[in-house]
Amino acid sequence: MTTEPADVLIIGAGASGGVVGRRLAEAGFSVVCLEQGDWHDRADYPGDKLDWELKARKDWATSPNIRGLPEDYPIVEHSPVSPLMYSGVGGSMLIFAGAWPRMLPSDFRVRSLDGIADDWPISYDELLPYFRQTDRDFGVSGLAGDPAYPPDPEDPPLPPLPIGAAGLKVARAHTRLGWHWWPEFNSILSAPYDGRRPCVQRSTCQSGCNEGAKASTDLTHWPKAIAKGARLVTGARVRRVETDAQGLASGATWIDRDGAEHFEPAKVVVLAANAIGTARLLLLSGDARHPEGLANSSGLVGKRLMMHPFANVAGLFDEPLMSWQGQFGDLIESLEFYETDERRGFVRGARWGLAPTGGPINTALPSRAGTQVWGPDHHLHVRSHLGHGANWGLFAEDLPDEANRVTLSDSVADSSGIAAPEVHYRMGDNARKMLDFHIERATESLLEAGAHSIEVDRLMRYSGWHLLGTARMGDDPATSVLDRWNRTHDVPNLYVVDGSSFVTSSGVNPTSTIVAIALRAAEHMIETRFEQQVPT
Amino acid sequence: MTGRDPGVSGDPMTFMDDHARTTFAAIAERLIPAAHGMPSAADVVNEARLAFVLRSRPDLLEPFLAALRPELGDDPDARLATLGRDEPANLGALQLVLVGGYYTDKRVKQGIGYPGQEAIELRSWEVPPYLEEGLIDAVLARGQVWRDPATGVRAVIDGSTKTYAERYWSAERRPEGGNDGRDGS
């Protein structure tokens, strides 16, 4: 079947794909999106069911290698950290926690300030209007005025979520210590908003939100894009981006659930498949003219993968905190030690997020810090842990390293026969020193809050939520894949709008910044639509 | 409830023979015995609970049965040691089936004071206790935390607000901010 080329073909219906799809559809573009996963009915999510903790370890595991669903692709891991993602409309937002911090001004100037890594070609101030708009579009709850950020006259659209008994104890401790803390900004509704229901504190955010309170683009963006004429094709696994004789992207070849191959023509192609999926696709799209992969004249496609090495510090308290409840997007955060202090023996820093601790199955078989206890003392262990804990999650800034990279496997393929990505990753010395320092400080925090004991996971394996950097942006085509507007230097009608574009990782959860950058790219596509080079 | 919900009916005898049942009961007694006012897993994790877990997680069946196979002997401690050393995935499945069956039991949940992941209505219109206690004001009083790229050090802003009330009630900024019912469109 021959179809007219869409104005824009988006590959991936997750966070950034949803933002670009909605904005371009609203601006009158014809939009097609290919998504390898499917729509989900939130009534099916396990969070409100008795077997939630069982499902969370398989069907709703954050690692595609554990889930092994047909729409997942396997990832060959040469890494102490497992990359995490989800295929479906809404993408990895379906399983993310919902924490919504913005990157900070210094994060865009790492080379200038700390003499390491690189500066971004864009600044915090340039992103500010897009941060504000995406906060409104996704529905962000938070308390305005956080002095860890420059003053912003615009408040978040919704009041903050509760910080819980654990958050209050730690907030009091930080007041005594003179350390920063703030109620976390979450893309989780604290009140009805835009036709969605508020959070009910079930704490099952990473298994899909039964209430629809946690933002994901299947709720917040795609219905609006489709209402404006966008066409979203699910079960569509893209094999490669095609190019024409002029070197322009002409569309994508994809495979449906029955194994039939299709071609979707387009005037502009936008990759929004996360920093592993997008790098994989660019590498898969090589040909005689692009032997190293598409848009890869710099040789940087797939390189500089960053995943935020993550440590967990758990404090246990005598008094019950009911800490199995509360948004799993964080209760409170601390940026006290976020900015560089070279006296610590490393540069950059880490963000802390205080999170709930899970139910009894997780208490008996902890997925984070902690031990298994069997025999008669098992009951004492569960009683002392369940609902008595508070977890500081520590996100360390991951400096770019070309040795940390995505390549194509020559032996492992997905269910469509397409080469799987291989992830080669090691944690750098700077990040190790950073995590060690922050573990000590987080321990002090929890002890000050009254914890009687501390349990530490110094590098959590299943923590690669934040996939960044494999197609970095920059002004120089020799040292970057994308320009400052997320367009590939090599192919003028090919864009990458996911976290691949990140120059450095910052030390904060990146989704807020990813979607702000994606919206900025979409606005630029609209402004320059009449200058856009397209296939003839 | 949906079609994906597991039922609790079903006959685990179709996949567990007498040896497997006996072995599982011995392991259950060893790992979670009756103590401290709580029942033993051997008493709690009956056929219905096993069926519940394995219907929810059919992927566990094969490694679960592998962990109970006769070749590993009759001594539960030796079996657990062998599994831990040589077959951690099978041990993990055995433990998860056991724990999953135990902690989804109503009596056990009552015993540990765990009602399940409940839906709790938010009262977002109420002033949070940390504001009333002045904890936010304490943060604001310490000044800016962010590092100004222009100077490389913590930012200093003349005239920045020192209390939350001062910021919230600032007539100058209220028209631009506040939770004013925008619909997000």
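This text goes with the structure placed above it.
Overview of the structure. (Residues numbered from 1 in each chain as written. Chains lettered and ligands numbered in written order. Predicted model: local features only at pLDDT ≥ 70, side-chain atom pairs only at ≥ 80, totals over all residues.)

## Examining the overall build of chain A
Inference 1: Along the backbone of chain A there are 13 helices and 16 strands.
Inference 2: Taken over the C-alpha trace, chain A has a radius of gyration of 22 Å; the compact-globule value for 536 residues is 24 Å, and the two agree within 12%.
Inference 3: Split into buried and exposed, the 536 residues of chain A put 65% on the buried side.
Inference 4: If you take every contact in chain A between residues at least 6 apart in sequence, the share linking residues at least 24 apart comes to 74%. (Helix = DSSP H or I, 4+ residues; strand = E, 2+ residues; numbered from the N terminus. Rg over C-alpha atoms; globule rule 2.2 N^0.38 Å. Buried ≥ 20, exposed ≤ 12 C-beta atoms within 10 Å, placed from the backbone. Contact = placed C-beta atoms within 7 Å.)

## Comments concerning the overall build of chain B
Inference 1: Across its full length, chain B holds 10 helices and 0 strands.
Inference 2: Taking the contacts inside chain B whose residues are at least 6 apart along the sequence as the reference set, 63% of them involve residues at least 24 apart.

## Description of the pairing of strand β9 (residues 310-316) of chain A
Residues and elements named next belong to chain A.
Inference 1: Most of β9 is tucked away, with 6 of its 7 residues classed as buried.
Inference 2: In this sheet, strand β12 (residues 389-396) lies alongside β9 in antiparallel orientation, the contact comprising 7 bridges. When the sheet's bridge partners are listed, Leu316 is paired in β12 with Gly389.
Inference 3: Where β9 and strand β15 (residues 453-457) come together, 5 bridges link them in antiparallel fashion. Paired with Val313 across the strands is Val456, a residue of β15. (Pairing = 2+ DSSP bridges.)

## Points about the sheet that holds strand β3 (residues 76-78) of chain A
Residue and element names in this part refer to chain A.
Inference 1: Here we have 3 strands laid out as an open sheet, ordered β3-β14-β13, and mixed in their pairing. The open sheet has two edge strands, β3 and β13 (405-413), and neither has a second partner. Between one strand axis and the next, the sheet turns by 30° as a mean value, whatever way the strands run.
Inference 2: Strands β13 and β14 (419-424) of the sheet are contacted by helix α9 (residues 274-284), whose axis makes an angle of about 70° with β13. (Axes fitted to C-alpha atoms, helices over the stretch in contact; angles between N-to-C directions.)

## Description of the sheet that holds β12(A)
Residue and element names in this part refer to chain A.
Inference 1: Read from one edge to the other, the open sheet built from 6 strands follows the order β4-β10-β11-β12-β9-β15, with strand pairing classed as antiparallel. Only two strands of the sheet have a single neighbouring strand rather than two, namely β4 (182-183) and β15.
Inference 2: Here 3 bridges tie strand β10 (residues 332-334) to strand β11 (residues 350-355), and the two strands are oriented antiparallel to one another. The residue of β11 that forms the bridge with Ser334 is Trp352.
Inference 3: Seen against the sheet, helix α6 (residues 164-177) touches β10, β11 and β12 and runs at an angle of roughly 30° to β10.
Inference 4: Across the sheet, helix α12 (residues 429-448) touches β9, β11, β12 and β15, and the angle it forms with β12 is around 155°.

## Description of the packing of helix α3 (residues 47-56) of chain B against helix α6 (residues 88-103) of chain B
Residue and element names in this part refer to chain B.
Inference 1: Across the interface, α3 lies against α6 with an axial gap of 9 Å and an inter-helix angle of 115°. Here the hand of the crossing between α3 and α6 comes out right-handed. Residues Arg49, Leu50, Phe52, Val53 and Leu54 of α3 form the contact with α6, whose participating residues are Val97, Gly100 and Gly101.
Inference 2: Among the residues forming the contact of α3 with α6, the class breakdown is 5 nonpolar, 2 polar and 1 charged. (Left-handed = near helix turned anticlockwise from the far one by under 90°. Nonpolar A, V, L, I, M, F, W, Y, C, P; charged D, E, K, R; others polar.)

## A look at unusual backbone geometry
Leave glycine aside and you will find that most residues have negative phi; peptide bonds, for their part, are mostly trans.
Residues and elements named next belong to chain A.
Inference 1: The phi angle at Gln201 is positive, at roughly 65°, despite the residue not being glycine.
Inference 2: Its location among the elements puts Gln201 in the loop between β4 and α7 (217-220).
Inference 3: The class of Gln201 is buried, set by 25 C-beta atoms lying within 10 Å.
Inference 4: Here the phi dihedral of His308 falls at roughly 60°; this positive angle occurs in a residue that is not glycine.
Inference 5: Counting through the fold element by element, His308 comes out in the loop between α9 and β9.

## Considerations on the interface of chain B and chain A
Inference 1: Each partner contributes to the interface: chain B provides 59 residues, whereas chain A provides 71 residues.
Inference 2: Residue assignment for the side of chain B that touches chain A shows that the elements contributing at least two residues are α3, α6, α8 (129-132), α9 (135-141) and α10 (164-168) of chain B.
Inference 3: In terms of residues, the side of chain B that touches chain A owes the most to one element, α6(B), which gives 5 residues.
Inference 4: Looking at the side of chain B that touches chain A residue by residue, the classes come out as 28 nonpolar, 17 polar and 14 charged.

## A short note on the environment of A:Arg172
Residue and element names in this part refer to chain A.
Inference 1: Position of Arg172 among the secondary structure elements: in helix α6.
Inference 2: Arg172 sits in the partly exposed class, given 18 other C-beta atoms within 10 Å.
Inference 3: Spatially, the C-alpha atoms of Arg172 and Glu448 are 9.0 Å apart, while their sequence positions differ by 276 residues.

## Let's talk about the pairing of strand β6 (residues 237-243) of chain A
Residue and element names in this part refer to chain A.
Inference 1: Counting buried residues along β6, 5 of its 7 residues qualify, which places the element largely inside the surrounding structure.
Inference 2: Sheet topology places β6 next to strand β7 (residues 249-255); 6 bridges connect them, and they run antiparallel. Paired with Arg240 across the two strands is Thr253, which belongs to β7.
Inference 3: Two successive antiparallel strands, β6 and β7, enclose a turn made up of 5 residues, where Gly247 displays a positive phi of approximately 85°.

## A word on the nonpolar core
Inference 1: Ranked by size, the top nonpolar core spans 205 residues in total, and within it A:Ile11, A:Val31, A:Val270 and A:Leu394 carry the most contacts.
Inference 2: Discounting residues that sit within four places of it in the chain, A:Ile11 has contacts with A:Leu34, A:Val238, A:Ala252, A:Val270, A:Leu271, A:Ala272, A:Ala273 and A:Leu281. (Core = buried A, V, L, I, M, F, W, Y, C linked by C-beta atoms within 7 Å.)

## Some words on the packing of helix α5 (residues 124-138) of chain A against helix α13 (residues 511-527) of chain A
Residues and elements named next belong to chain A.
Inference 1: Remark: α5 packs on α13, axes separated minimally by 8 Å, with the N-to-C direction vectors making an angle of 110°. Relative to α13, the element α5 lies roughly perpendicular. Facing Leu127, Tyr130, Phe131, Gln133 and Thr134 of α5, the residues of α13 in contact are Ser512, Val515, Ala516, Ile517, Leu519 and Arg520.
Inference 2: Its residues assigned to classes, the contact of α5 with α13 comprises 7 nonpolar, 3 polar and 1 charged. (Parallel < 35°, antiparallel > 145°, perpendicular 65-115°, else oblique.)

## Observations regarding the environment of A:Val515
Residues and elements named next belong to chain A.
Inference 1: Along the chain, Val515 turns up in helix α13.
Inference 2: For the pair Val515 and Arg257, spaced 258 residues apart in sequence, the C-alpha to C-alpha distance is 29 Å.
Inference 3: Residues within four places of Val515 in sequence aside, it is in contact with Ala15, Ser16, Val19 and Thr134.

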